[in-house]
Structure formats: structure tokens, C-alpha cells
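Here is what each chain is made of, one letter per residue.
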Amino acid sequence: MSGPLAGIRVLDFCWIGAGALVTKAMGEAGAEIIRVESRSHPDNLRLTPPFRPGTEGLEASGYFASRNPDKKSFALNMSKPEAREIALELASNVDAVTSNFRPGIMEKWGLSYPEIKAVNEDVIYLVMPMQGNDGPHSSFIGFGSTIAALGGLVSLSGEPGRTPVGTGTHYPDHVPNPGHGLVAVLAALFQRAKTGKGQAIELSQFESTVNVIGSAILAGSAGFSVEAVGNRKPGVVPRGTFRTSDDRWVAISCSRDEHWLRLQEEMASDGVDSQNPMTTSSEREARRDEVNEVVAKWVAGLSSEIVAHRLARVGVPSGLVNTSADVLEDPRLAEREFWHTIEHPVIGELPMFRLPFVTAAGRTSMTRPPLLGEHTWEIASEVLGMSSEEYDRLTTAEVLY
Amino acid sequence: MSDGHLPLAGVRVLDLTDRLGWYTGRLLALLGAEVLRIEDPNKPQEAPLPPAVDVNGRTVSFHEEYAHSGKVISMLDLASEEGSSALADLVESTDVLLSGLDGRAPGGWAEINPGLVHIVITAFGWAHTPHDDEIDDLLILAAGGLLHLGGYPDSGPIVPYGGQSYLAAGIYAASAAMFGLIQVEHEGSGYWADVSAQETMAQALEDSLPGYVLTGKIRPPEGAEGKEAGTGTYACADGYVSMVAGRLGTARAWAALVDWLTSECDEATELVNDEWSDFAYRQTSEANARFRQIFEAFASTRSKETLYLDAQRRMIALSPVSDVSDLLANAQLRHRGFFSEYDHPILHRVVTAPGPPFRFADVELPVLGPAVEIETAAFSDRGST
């Protein structure tokens, strides 16, 4: 492998969401990721849709696949007593150990930080418990969507007076928590490269999520009102999403007066008279609903293709609200090779997203997501030096399973 | 094990970014880097990012204050000869340079500093971002596909709070800076990365992308309703709660939920009927709507805090939809000493700030306060390092 993490090996117990994305990014940067998983208690994502029609089972999930390219799969059944020795032996041969369980799981398996450190003095050990390792709510459970709610992002996102909506996704699992976790692990790897010393890192997914509404904490604590405002932004009118005649949405954001003047002129060419000039943003702000209504009516009479083209031509900041189909066709993403299509023996062709930046080295190659246990023998023999007899015995005993 | 040094102690970061990269410097400062931000007094002022307030003729943007916390800020007239020469000196002596659309292209400082880590942060990537306009968060989310999954099915997509595409670009730019520092540490040569905020959003589309590719279906926005009984946002006595119970992997939570509701609410007894144990039935709009009626009737006399604690005791993934005051009072965050306070230099009020998104076992990360302005743009003396 090449990349800034070439030569780095990770023993990865992460599953489902946030944790899996940390190690996906590390794999793309050249690290060897050894994903520990088992048929006895498979990652829920392996059984989660979407599936290509007609396929099923532990290898068929497109959702699992999207988070797990550039990883190797080592089948190890942690409920078997013999598994611990194998995990510890692996841990003594890696640079980092990662997990995102509730507090107590790694400890139950005898794989706590002190226990791993005893066999690997300078290991980097990342945990990502939902609410941190300690405290009255440390055993609480949740998913990305409930963490977004708990962390304040949901209450602040929506139309005033309506049920708040957040992002409509498990956002903390996809951006703040893997992103912050990745930054922390890389900082520890950098420090280790300089000093030779390891580190234990704890990322509370709750605390990490509160960091992406940090500005609201500052404002609210100082006594200023902080609430959901929909698509409104002071001084920017119109700003919002407008439905086109073909039932698509276009986003428009006139942050400067000239943007509005261009939009007004374009609407006027279709005979839309926006009545008063409302040249300044404060004039428009005072009559925001009226401005939005005029724009909404104009957009509603045009197809998405036409409205997008016309707004772009005259320089009104705008864009189609891209669907999952559109992003695959987006020319910017395509030119930057953001999508990489892998060929998977069960799923077939599937585009994977890459890291959100390109470097001088260009995009690296990508290996498809592993089948469960696909690399067990390779790792057992090459990393652990295991004999084939021992491997057969442990497989039959459902330890390597 | 550790000598207690911060991971980025001794690392210099020069911050020339626009709002897409502000948060990067904050994260690097948290990790111990010295972050010097240069602002050009002659550059046209952008409208302050919300939340912002006007007090005594001065505008305080909490977004900016938060993103710049932990930095040192200095003014430099970059159009002047002295200014541009001072900048070149700073670039020569920094380890990491963060810049945006009005800076140089990725790698454009290599002649002056061959070992530089240069991170360029723009909306759509250096070559694809129009240089004449600032790009609004709303438009980045629209381009990245995340906007389409949010908002209300009837009234359209709604941008989430707080400039999420700016923060996401900031986080991943920080990871790029770390990759760069690691590579430079090993190989000595420089590194650059060209970060696209659009791409940070396009990696957050969860199952919708493979869903489209594998089934041809475009995932519609779910709104606040959720797509099945047991999962969604529900009204209660003093606000809302958010729950995930009953979908794959949480089958036991559904049983616990039924048990809870039926033990405390007569109207819920129908949930023990056979059809409700079938996940496919719970995904029907009829079941989803009926469950909402039952649960919201139950929740209407209970606070979000009561529901939270009762549900968690039963291993049901339910959380309050917290507002800022809930967060400031949250028992878990208080127990963990998450918040810190500072006296606001302009507002003359006490402001509470969130703690770091991660913690290191052997070293306490610094408590960040508002950026400090200094007269002369210079890094501190790092002595023998």
C-alpha cells in the first residue's frame, strides 16, 4: 500500500457507523485495517438494506459495503475463551486498536487499554463510546439520529413551529464523529512518530456532536435566543429551496443585492413583476415572505433544467438539490474521482465514496469490502505464524468463525 | 507513558482560510498547535455568520468566535509589498498552511517552503469553485446531496443548523493536515491537499447512494415522521424525543417498548396484537401513524427527561431532542466537566463553551477561549525545536 499511513496496521473492532468510517479513511490512506468480526454476532450493517434484488445474506448489504472498502476481515468469535489470546497476539503486532462499543465490552473481552498496553507498550487505542467512558449516562444506548437529537442539532434544524427535522439522517455517524475520531487518531500517530509513545483516545459521540453546534452553546449561554430558523439567514433574501414544475427542488441564496437584482431581471423577462424594487437586503428582509412567494411562483412554472441553467447563466447563486442519483453524475465529483466503483462478488458493481480531498499523489487504488472472514487464514499465517493444523482446529471449534 | 505533551506541541499553523476552513485551526489548536491567523483589513467584510448579535455598535458572531477560539489573530495588508513579504516569511517558517479561494493553488508555496503541509479548502475543490462568489452552506449541502434527505416532504429541504458544510470541511481539512504532517515526518518532502466541502457532504448520504445503485430507487426525505413505527421524533409534554426501536438489530427494543407502553397506558394494549410484532407491518403508513397516536398520547404527560431515563432503563434507544438549556444542564456533560466558562471581552457576560470532541488519556487538552489579537504577525519563538 502507499499513502501517508503506509506501514501502519490497525486492529479494528469498529462496527456499524461512526467507527467504521474512521478506519475506512485510514485504509484509504494506506493503513492495513484488520477488521475483527464474527458470524456468531455479525455487524448489524451486514444484514441491513439496501440489497441488489435477488441477493441476500451476510455479504449482500450495500450499506455495509459502502463503509468497509480497504479493509481485511478476520473472523474471530470473541465469545470463545480462546479468542482473547488470538486478539492479544494480533494486538501486539499492530500500531492502533480501534473500537466503538459501549463501555465494558472491550473490558469484558480482556482487551482494555492497560491489557493491550501490557503487550504493546506504544499502541494507540481509540474508543468511541456514545456518552464517554464514565458518568451517570455512560451505559445509555443510541444511534446517529438519537445522538443528533441529544446533542442539540435536531432541535435547531427545522421550520419554526414545526417538529424539528435535523438532517433527516444519522449525521453524527457520518461526519462529526468519524471526522473528529480520525483527526485524534492521526494526531496520536504523528506524536508517536516523533516521540515513540502511544496514547489512549476517548471520543464521546455525544460531546463530539455538541461541538458542531458549539456556536449555539456560546450564544445561548450568554442569554441570546437560539432556535430553529429553517432556511433563513440574516441579510440573505431570498434564501431557500423552491419546487420546480417537474417536482424537483432548486436552492437559491442571494447573499448580495446584485444577486437579487439579477434574479429580479430574469423573472421580469418572464413577465414576473416583483412590484417594489426592494433593492437592499434590509428592505427584502422586512418583506421576506413576499419575496419568497414571488420566487416560488416563478420557479414553479419552470423545469429544473431550465431554472438551473438560467440562474447559473445570469450569476444568481443557486443549484439543484442533488439526489443520490444526481451526485453520481455530478461533473465536479466525477472529475475529482470522488466515486470509485468496486466489483464485489455478491453485490456486483458499487460506487464507493473517497476521502473528501485530493493530494499530489492523486487518488489511491481501492480494494473492495471484504467477505466475512476472507482474510482470516492470510492474517493467521502471516501475522500470527499459525500452522494450518491449528487454523483448521480453531475454525472447526468456531473460534476463527 | 506520555511526557504529557500535546500531540501537536511545537507545530506551527498559518491560517489564511475563509469560513470553510476556520474550524480546522480550532481543532489543530486544541491538539496543541500554535495557530496564527492572518486577516487582511482591506478585504471586503463578509456578513457575520449566525448566530450573531449587535451590541453597542459591535457585531459578535458566535460562529466566528467559536471557530477562531484558540488562535492568535493578526492583521496584514496582503496587497502591500511589506504585507506580502511578511506573509512569505511566515509561510517559510510554518509547518502547516491553511488557505482558501483567495490564496495560492494547492502546492503553490513549495518554492518558498518545500517541506510545507498546504491544505486548501474550497466549496467544490480548487479547480471547480467559482472565484467570484462566496458559496453559501445551503448550496454546498444541495450540491453534496445531503440537503435532499432533510427537511419536510411537503415544504421542501431545510438546511441544518450551524453551517454544517463549513464545519465538515474544517474537520476533514484537519485530517488532511494530519496526514500531511505524518507524511512529512516520515519522508521530509512537502504535502498538499485540495479539500472539497461538497465531498464532505457527499460522504454523508448513508444508505441512499447504494440504495439508488442497487434498487434504482431515490430515497425521499423522511421528514420528522420517520419511516416506521418506533423510529422518529415524537412530541411529549415539554418538547420532543427521538427514538430508534424495532428495526433490524433492535428487535428486542421493540418488545421492551411494547412492554413499557402497555404497562403504563391502556390505549397501548393493541400493540400486543400479532401484527405489531411483524416489522413489515410496522413499516406501513397505517401502523406508523397509529403508533404515533399511541406513543404521543403516552408521552403527552411525560417530560423528555422522564422518557429518556425510563426508556434507557429498558434498553430502548430514546433521547431527548435537547435545546441549548437542556445541554447546559445535562447531568452527563456536567459530570464529565465538559463545559468551561469565560468572561466575554465585548459582551461583558459569562459565556459557556463546549469542551473538546475527544480526550487523550495522558494529557489534558487546552481550554480554548476567544482568539487573541496581536500587533505583529509572528509565530512565538519555539527555541530549539
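Just above sits the structure.
Calculation notes
- Residues numbered from 1 in each chain as written.
- Chains lettered and ligands numbered in written order.
- Predicted model: local features only at pLDDT ≥ 70, side-chain atom pairs only at ≥ 80, totals over all residues.
- Helix = DSSP H or I, 4+ residues; strand = E, 2+ residues; numbered from the N terminus.
- Buried ≥ 20, exposed ≤ 12 C-beta atoms within 10 Å, placed from the backbone.
- Contact = placed C-beta atoms within 7 Å.
- Axes fitted to C-alpha atoms, helices over the stretch in contact; angles between N-to-C directions.
- Parallel < 35°, antiparallel > 145°, perpendicular 65-115°, else oblique.
- Nonpolar A, V, L, I, M, F, W, Y, C, P; charged D, E, K, R; others polar.
- Left-handed = near helix turned anticlockwise from the far one by under 90°.
- Pairing = 2+ DSSP bridges.
- Core = buried A, V, L, I, M, F, W, Y, C linked by C-beta atoms within 7 Å.

## Some points on the overall build of chain B
Stage number 1. Within chain B, the regular secondary structure consists of 14 helices and 15 strands.
Stage number 2. With respect to the three principal axes, the spread of C-alpha positions in chain B is 80 × 50 × 50 Å.
Stage number 3. Put simply, chain B has 385 residues, and 53% of those count as buried.
Stage number 4. In chain B, the share of contacts with a sequence separation of at least 24, taken over all contacts with a separation of at least 6, comes to 65%.

## Side note on the overall build of chain A
Stage number 1. When you go through chain A residue by residue, the secondary structure sums to 18 helices and 12 strands.
Stage number 2. In terms of principal-axis extent, the alpha carbons of chain A reach across some 85 × 50 × 40 Å.
Stage number 3. In chain A, which comprises 401 residues, the share counted as buried stands at 56%.
Stage number 4. In chain A, the proportion of contacts linking residues at least 24 apart, taken out of those at least 6 apart, comes to 68%.

## A short note on the packing of helix α4 (residues 137–144) of chain B against helix α6 (residues 164–187) of chain B
All names here are of chain B.
Stage number 1. At a minimum axis distance of 8 Å, the contact between α4 and α6 shows a crossing angle of 70 degrees. In this view, α4 runs roughly perpendicular relative to α6, as classed from their interaxial angle. Listed contacts from α6 to Asp137, Ile140, Leu141 and Gly144 of α4 are Gln164, Ser165 and Tyr166.
Stage number 2. In the contact of α4 with α6, the residues fall into three nonpolar, three polar and one charged.

## Concerning the packing of helix α1 (residues 18–28) of chain A against helix α8 (residues 176–195) of chain A
Residues and elements named next belong to chain A.
Stage number 1. Where α1 meets α8, the closest approach of the two axes is 8 Å, and the angle between their N-to-C directions is 50 degrees. Here α8 runs oblique to α1, going by the angle between their axes. Our pair here, α1 against α8, has a crossing hand that is right-handed. Of α8, the residues touching α1 (which contributes Ala18, Leu21, Val22 and Ala25) are Asn177, Pro178, Gly181, Leu182 and Val185.
Stage number 2. Along the lines of polarity and charge, the residues of the contact of α1 with α8 split into seven nonpolar, two polar and no charged.

## Here's the deal with the pairing of strand β2 (residues 34–39) of chain B
Where a strand is regular, its side chains alternate between the two sheet faces.
Residues and elements named next belong to chain B.
Stage number 1. Bridge count for strand β1 (residues 12–16) against β2 is four bridges, and the pairing is parallel. Of the residues in β2, the one forming a bridge with Val13 is Val35.
Stage number 2. By the bridge criterion, four bridges tie β2 to strand β5 (residues 72–75) in an arrangement that is parallel. Paired with Leu36 across the strands is Val72, a residue of β5.

## Comments concerning helix α10 (residues 214–221) of chain A
The α-helix advances 3.6 residues per turn, and as a result positions three or four apart in sequence lie on the same side.
Stage number 1. The buried fraction of α10(A) amounts to eight of the eight residues, a majority that puts the element mostly inside the structure.
Stage number 2. Considering only its buried residues, α10(A) is in contact with α9 (205–210) of chain A together with α2 (62–68), α13 (324–329) and β13 (350–353) of chain B.
Stage number 3. Residue Gly223(A) follows α10(A) closely and has a positive phi angle near 95 degrees.

## Here's the deal with the pairing of strand β3 (residues 52–55) of chain B
Residues and elements named next belong to chain B.
Stage number 1. Relative to strand β4 (residues 58–61), β3 is paired through four bridges, and the arrangement is antiparallel. In the sheet register, Ala52 faces β4, and the bridge partner there is Ser61.
Stage number 2. Here β3 hands over to β4 after two residues, with Asn56 in that stretch at a positive phi of 50 degrees.

## Overview of the sheet that holds β1(B)
Stage number 1. The eight strands are arranged β12(A)-β8(B)-β7(B)-β6(B)-β1(B)-β2(B)-β5(B)-β15(B) in an open sheet whose pairing can be described as mixed. Every interior strand has two partners, whereas the edge strands, β12 (357–359) of chain A together with β15 (372–373) of chain B, have only one.

## Some points on the environment of Asp15(B)
Stage number 1. One can find Asp15(B) in strand β1.
Stage number 2. Non-local contacts of Asp15(B), meaning those with residues more than four positions away in its chain, are made with Gly25(B), Val35(B), Leu36(B), Arg37(B), Lys71(B) and Leu98(B).

## Topic: the environment of Asp323(B)
Stage number 1. Note on placement: Asp323(B) falls in the loop between β11 (317–320) and α13.
Stage number 2. Looking at Asp323(B), the number of C-beta atoms within 10 Å reads 21, which means it is buried.
Stage number 3. Each C-alpha atom of the pair Asp323(B) and Leu27(B) lies 24 Å from the other, and the pair is 296 residues apart in sequence.
Stage number 4. Apart from the residues within four sequence positions on either side, Asp323(B) is in contact with Gly152(A) and Ser155(A).

## With respect to the interface of chain A and chain B
Quite often, the size of an interface is put as the accessible area lost when its parts meet.
Stage number 1. With 127 residues of chain A at the contact, the number on the chain B side is 125 residues.
Stage number 2. Examining the composition of the side of chain A that touches chain B, we find that 15 residues originate from one element, α8(A), more than from any other.
Stage number 3. Each residue belonging to the side of chain A that touches chain B can be placed in one class, and the counts come to 64 nonpolar, 48 polar and 15 charged.
Stage number 4. The pairing of β12(A) with strand β8 (residues 191–196) of chain B spans three bridges and is antiparallel. Directly across from Phe357(A), in β8(B), lies its bridge partner Val195(B).

## Looking at the nonpolar core
Stage number 1. With 232 residues, the main nonpolar core has Val185(A) and Ile119(B) as its most contacted residues.
Stage number 2. Broken down by element, the residue count for this core peaks at 15 residues, all from α6(B).
Stage number 3. With residues near it in sequence (within four places) discarded, Ile119(B) still touches Val96(B), Leu98(B), Ala173(B), Ala176(B), Ala177(B), Gly180(B), Ala193(B) and Val195(B).

## Notes on unusual backbone geometry
Stage number 1. Going from Pro49(A) to Pro50(A), the amide bond is cis rather than trans, its omega being 5 degrees.
Stage number 2. Summarising the element assignment, Pro50(A) is placed in the loop between β2 (32–37) and α2 (62–67).
Stage number 3. In this structure, the amide linkage connecting Pro50(B) to the following residue, Pro51(B), adopts the cis form with an omega of 0 degrees.
Stage number 4. Residue Glu337(A) is not a glycine yet carries a positive backbone phi of 55 degrees.
Stage number 5. Looking at the secondary structure, you find Glu337(A) in the loop between α16 (331–335) and β10 (339–344).

## Re the sheet that holds strand β14 (residues 359–360) of chain B
Stage number 1. The sheet built from seven strands is open, its strands ordered β3(A)-β2(A)-β1(A)-β4(A)-β5(A)-β6(A)-β14(B) with mixed pairing. The open sheet has two free edges, formed respectively by β3 (72–75) of chain A together with β14 of chain B, since each of these has just one partner strand.
Stage number 2. Bridge count between strand β6 (residues 199–202) of chain A and β14(B): two bridges; the pairing is antiparallel. Bridging across to β14(B), Glu202(A) finds its partner in Arg359(B).
Stage number 3. Contacts between α8(A) and the sheet are confined to β4 (96–99), β5 (124–127) and β6 of chain A, with β5(A) contributing the most and set at about 170 degrees to the helix.

## Thoughts on the environment of Asn93(A)
Residues and elements named next belong to chain A.
Stage number 1. In this fold, Asn93 is placed in the loop between α3 (82–91) and β4.
Stage number 2. Judged by the 15 C-beta atoms lying within 10 Å of it, Asn93 falls in the partly exposed class.
Stage number 3. Taking the C-alpha atoms as reference points, Asn93 and Asp12, 81 residues apart in sequence, are found 13 Å from one another.

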